[in-house]
Amino acid sequence: MNRLIDNKGFYGEFGGSWVPEMLYPNIEQLASSYEAILESTSFKDRFNSLLKDYAGRPTPLFLAESLSGALGAKIYLKREDLCHTGSHKLNNVIGQALVAMEMNKREVIAETGAGQHGVATATVCALLDLPCRVFMGEKDVQRQQPNVLRMKMLGAEVVPVSSGSRTLKDATNEAIRYWINHPEVYYLIGSTIGPHPYPDLVARLQSVISAEMKIQLMEKKGRPDPDIIVACVGGGSNAAGTFYHYIADEKVKLVGAEAAGEGVGSGKTAATIATGSAGIIHGCRTLMMQDGGGQILEAHSVSAGLDYPGIGPLHSYLHRTGRARYLAVTDKEAVEAAHLLTRLEGIIPALESAHAIAALHKLQFRESDIIVVNLSGRGDKDMDTYIESMQKRHQ
Ligand SMILES: *Cc1c(COP(=O)(O)O)cnc(C)c1O
């Protein structure tokens, strides 16, 4: 396995582990064991077999001919929306749940905002018969009833958190507090964020996406590398997985699409790369949206999965070094791109993934260029937003 971090978990100046001292033993235990587990035959065999028969991998690499014709390049969609439960999130939770079992952990905890990561975690815990406890802000519990009910049906315990703003960051604080008091549980993080080793662990688990792309492009085009790769970026896990095996290959252009919300300068945005600066968020040093006093700003995006005021340290590094470019896409542009893809290809994308489609309009390319867009998830969960946009159009 190639390694992008140094021994302390830094990507250049970003990353590392910035946690309260009482968490050191838990983090250290994971940091000192995860690489050997990921490389063990027992882990690899179970991971690959579940990815294949449970998640439905490899996901197809689909040549979107109408979209290609409309935009003037060869555009392939990596169909993570066809994974069981409807997004790439399953790759990560299967992997980490198996890591938890290899570490003899008896319970899994997670935090969730809109509930997507909570549902993915509850799913794999049901499959592997692991007790699962999901922390969720009280406000989010009220707003996201269908996902709360899914988690309960899957057998997870949903713990409403009533402190602070009663949203994701309070759920995170509560999960960390619980972990300090229960070091025997496994804390399952949902993206390439958090203290070392989580960003590297999650990136490696998601790297199955680019590993498959190499094989599929070789079959279809006789070469493993596309010219451009585009993926949306919330915490950065689907983009990290899509970029991973191409990062060392400078010929391949890497493009991330972050959520501009109502606009980069509107004050209602989640565009961390465009508006953020370095600081410490959720246990790592990375770019984040903060005010002059270092207070974390609230993020705004139409898409729940991109509505986050930070970005994984790998992406801060790829941005700082110029290896990847990050484009900000507004709510409006994303919704329009979702309609375009739906009409041209018969695929209703998740709002998050629609940001990656919209970013295509901001790129310059040649007719012969091969572009892979990671379609991170399906759009069923976003129908309310899409229906609202159709009603507006008809007014
Ligand atoms: C959660 C989610 C995202 C954002 O998370 P990343 O870690 O940045 O990938 C993107 N797309 C979909 C469909 C999601 O569910």
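For clarity, every value in this text was computed on a predicted model and none was experimentally measured.

**Structural notes on the state of the cysteines**
Right, on to step 1. For the structure on display, the rule yields 0 disulfides.
Right, on to step 2. Cysteine Cys 125 is unpaired, with the sulfur of Cys 132 as its nearest cysteine sulfur at 4.0 Å.
Right, on to step 3. Owing to a relative accessible area of 9%, Cys 132 belongs among the buried residues under this scheme.

**Some remarks on the pattern of salt bridges**
Right, on to step 1. By the definition in use, this model includes 27 salt bridges.
Right, on to step 2. A salt bridge links Asp 140 to Arg 143, with the shortest nitrogen-to-oxygen separation between them at 2.5 Å. Of this pair, Asp 140 and Arg 143 both sit in helix α6 (residues 138–143), 3 residues apart, which is roughly one turn of that helix.
Right, on to step 3. The class of Asp 140 is buried, set by a relative accessible area of 5%.
Right, on to step 4. The salt bridge involving Asp 382 is made with Lys 381; its shortest N-O contact spans 2.7 Å.
Right, on to step 5. Asp 382 sits in the buried class, given a relative accessible area of 9%.
Right, on to step 6. Overall, Lys 381 belongs to the partly exposed group, its relative accessible area being 40%.
Right, on to step 7. Where salt bridges share partners, they join Glu 35, Glu 39, Asp 200 and Arg 204 into one cluster.

Here is what the cut-offs are and how they apply
- Residues numbered from 1 in each chain as written.
- Predicted model: local features only at pLDDT ≥ 70, side-chain atom pairs only at ≥ 80, totals over all residues.
- Heavy atoms only, no water.
- Disulfide = S-S within 2.5 Å.
- Buried < 20%, exposed > 50% of the residue type's maximum accessible area, 1.4 Å probe, protein only.
- Salt bridge = Lys/Arg side-chain N within 4 Å of Asp/Glu carboxyl O.
- Helix = DSSP H or I, 4+ residues; strand = E, 2+ residues; numbered from the N terminus.

Purely geometric stuff here, so don't read any function into it on its own.
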